[in-house]
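# Analysis of the macromolecular model
Listed below, chain by chain, are the residues.
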Amino acid sequence: MSYWAKSRIWMKWLFPNHIWKIKTTEKKVFLTFDDGPTPEITNWVLAQLKSFNAKASFFCIGDNIQKFPEIVSQILKHNHSVGNHTFNHLNGWKTETEKYVENTELCQKELEDGKWKKEDLQTKTYRLFRPPYGKIKPSQSKKLRKMGYKIVMWDIISYDFDQTITKEKCLENVLKNIENGSIIVFHDSQKSWKNLEYVLPKTLEFLKEKGFSSEKII
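In this report, the structure presented in the accompanying data block is examined.

Reading guide: rules and limits
- Residues numbered from 1 in each chain as written.
- Predicted model: local features only at pLDDT ≥ 70, side-chain atom pairs only at ≥ 80, totals over all residues.
- Heavy atoms only, no water.
- Helix = DSSP H or I, 4+ residues; strand = E, 2+ residues; numbered from the N terminus.
- Rg over C-alpha atoms; globule rule 2.2 N^0.38 Å.
- Buried < 20%, exposed > 50% of the residue type's maximum accessible area, 1.4 Å probe, protein only.
- Contact = heavy atoms within 4.5 Å.
- Areas by Shrake-Rupley, 256 points an atom, 1.4 Å probe, with all protein chains shown as cover.
- Lys, Arg positive; Asp, Glu negative; His and termini not counted.
- Charge placed at Lys NZ, Arg CZ, Asp CG, Glu CD.
- Phe/Tyr/Trp six-rings, centres within 6.5 Å; stacked < 30°, edge-to-face > 60°.
- Core = buried A, V, L, I, M, F, W, Y, C linked by side-chain atoms within 4.5 Å.
- Pairing = 2+ DSSP bridges.
- Right-handed = clockwise from strand over helix to strand, strands pointing away.
- Salt bridge = Lys/Arg side-chain N within 4 Å of Asp/Glu carboxyl O.

### With respect to the overall build of the protein chain
Each helix and strand counted, the protein chain has eight helices and eight strands in total. Relative to a compact globule of 218 residues, whose C-alpha radius of gyration would be 17 Å, the protein chain shows 16 Å and is just as compact. Along the longest, intermediate and shortest principal axes, the C-alpha atoms of the protein chain span 45 × 40 × 35 Å. Split into buried and exposed, the 218 residues of the protein chain put 54% on the buried side. For the protein chain, the proportion of contacts with a sequence separation of at least 24, taken over those separated by at least 6, is 77%. When the accessible surface of the protein chain is split by element, carbon and sulfur atoms take 52% of a total near 10600 Å². Charged side chains in the protein chain number 36 positive and 26 negative. The centres of these two groups are separated by 5 Å.

Dropping the structure here:
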C-alpha cells in the first residue's frame, strides 16, 4: 500500500483554509479520534487519556452519537472536545454537495440536541468538522466554512485502520513524525482496535517522556 503518514505540503496548498497543524512553539500535540463513539473502545481510549492527563478531540459519526449518547457524555465529562464527522461517514468526492452539507448538519443536530446530557457540555459545542477519508470537494468546504465550521485535517495519520500493516509500523508512523503542533489521527473503531490497543499507550508514554502535552482542539 502506498500512503503518507505525514501530510504533504501540496495537500496543504490545495486546501489552505483547512487546519492541518496548530502553530505553536510549545511542546504540545493534538490527538484526535475518528469514527466513534464505539462501545468499550472509546471508553478504553478515555481511560488511557486520563491516566496520562491528556486531552483529545473526538470526531464522531452522527449515527453513532444517536446510538451511544452515554459515551458522548463521558467524552465531555472528561473535558475533551467533540467534532462532526458527518452522520453516515460520507465520502465527499462521491456525494453531491447539497446532500453532503445536509448530512453534516444532521450530525451537528445530534451534537447539539441529541440524547446525551446537556449538563455534561462544560463549555460549548464546537463546530469542528473532519471529512471522512479526508475527501471533500472545494464546494463542500466553502459552504461548511461559511456556516461556521472549522475543517480539521491532520499533520500525521497513524493508519491504525489498515489491517495489512503491523502494529509496530503503525507506531512508527506516529512517533517518527511528531512535531510541535502536530494533529494526529487515530480511530476509536473496531476495525482499528488491533493497532490502536498497541499504539496509543506507547504514543502517550513517548509524549510524556519527551515533554509533550496533548491538548484538545477548540
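### Quick word on the packing of aromatic side chains
This structure, assessed with the given rule, holds six aromatic pairs. Measuring from centroid to centroid gives 4.9 Å for tryptophan 44 and tryptophan 193, while their planes differ by 85°, and the two rings are edge-to-face. Note that tryptophan 44 is positioned in helix H2 (residues 41–51) and tryptophan 193 in helix H8 (residues 193–210), a separation of 149 residues in sequence. An angle of 90° between the planes, with centres 6.0 Å apart, marks the rings of tyrosine 100 and phenylalanine 129 as edge-to-face. Taken as a pair, tyrosine 100 in helix H5 (residues 97–113) and phenylalanine 129 in strand E4 (residues 128–129) lie far apart in primary sequence, 29 residues in all. Every member of this aromatic cluster is reached through a ring pair, and the members are Phe33, Phe58 and Phe186.

### Quick look at the nonpolar core
Counting 56 residues, the largest nonpolar core has Leu31, Phe33, Leu49, Phe58, Ile178 and Phe186 as the members making the most contacts within it. Sorting elements by how many residues they give to this core places H8 first, with six residues. Not counting the four nearest positions on each side in its chain, phenylalanine 58 is found in contact with Phe33, Thr42, Val45, Leu46, Leu49, Ile75, His80, Ser81, Val82, Gly83 and Asp188.

### Some thoughts on the pairing of strand E1 (residues 28–34)
The element E1 is extensively covered by neighbouring structure, given that seven of its seven residues are classed as buried. Here E1 shows no split at all, with Lys28, Phe30, Thr32 and Asp34 on one side and Val29, Leu31 and Phe33 on the other all buried. Strand direction decides the pairing type here: E1 and strand E8 (residues 213–214), joined by two bridges, are parallel. Across the sheet, the residue bridging to lysine 28 is serine 213, located in E8. Sheet topology note: the E1/strand E7 (residues 183–187) ladder contains five bridges and is parallel. Each bridged residue has a counterpart across the sheet, and for threonine 32 the counterpart in E7 is valine 185. By the bridge criterion, four bridges tie E1 to strand E2 (residues 56–60) in an arrangement that is parallel.

### Details of the pairing of E2
With respect to burial, E2 is a largely interior element, five of its five residues being buried. Residues of E2 alternate between two faces, with Ala56, Phe58 and Cys60 on one and Ser57 and Phe59 on the opposite face, all of them buried. Between the parallel elements E1 and E2, the chain passes through H2 in a crossover that is right-handed. Inspection of the sheet shows E2 paired to strand E3 (residues 81–84) by four bridges, in the parallel sense. When the sheet's bridge partners are listed, phenylalanine 58 is paired in E3 with valine 82.

### Re the pattern of salt bridges
Applying the stated criterion across every chain yields a total of 11 salt bridges. Between lysine 6 and aspartate 155 there is a salt bridge whose closest N-O contact spans 2.9 Å. Here aspartate 155 lies in the loop between strand E5 (150–151) and strand E6 (156–157) and lysine 6 lies in the segment before helix H1 (9–14), a separation of 149 residues in the sequence. By relative accessible area, which is 17% here, lysine 6 ends up buried.

Read these as layout, nothing more, since geometry by itself doesn't imply function.
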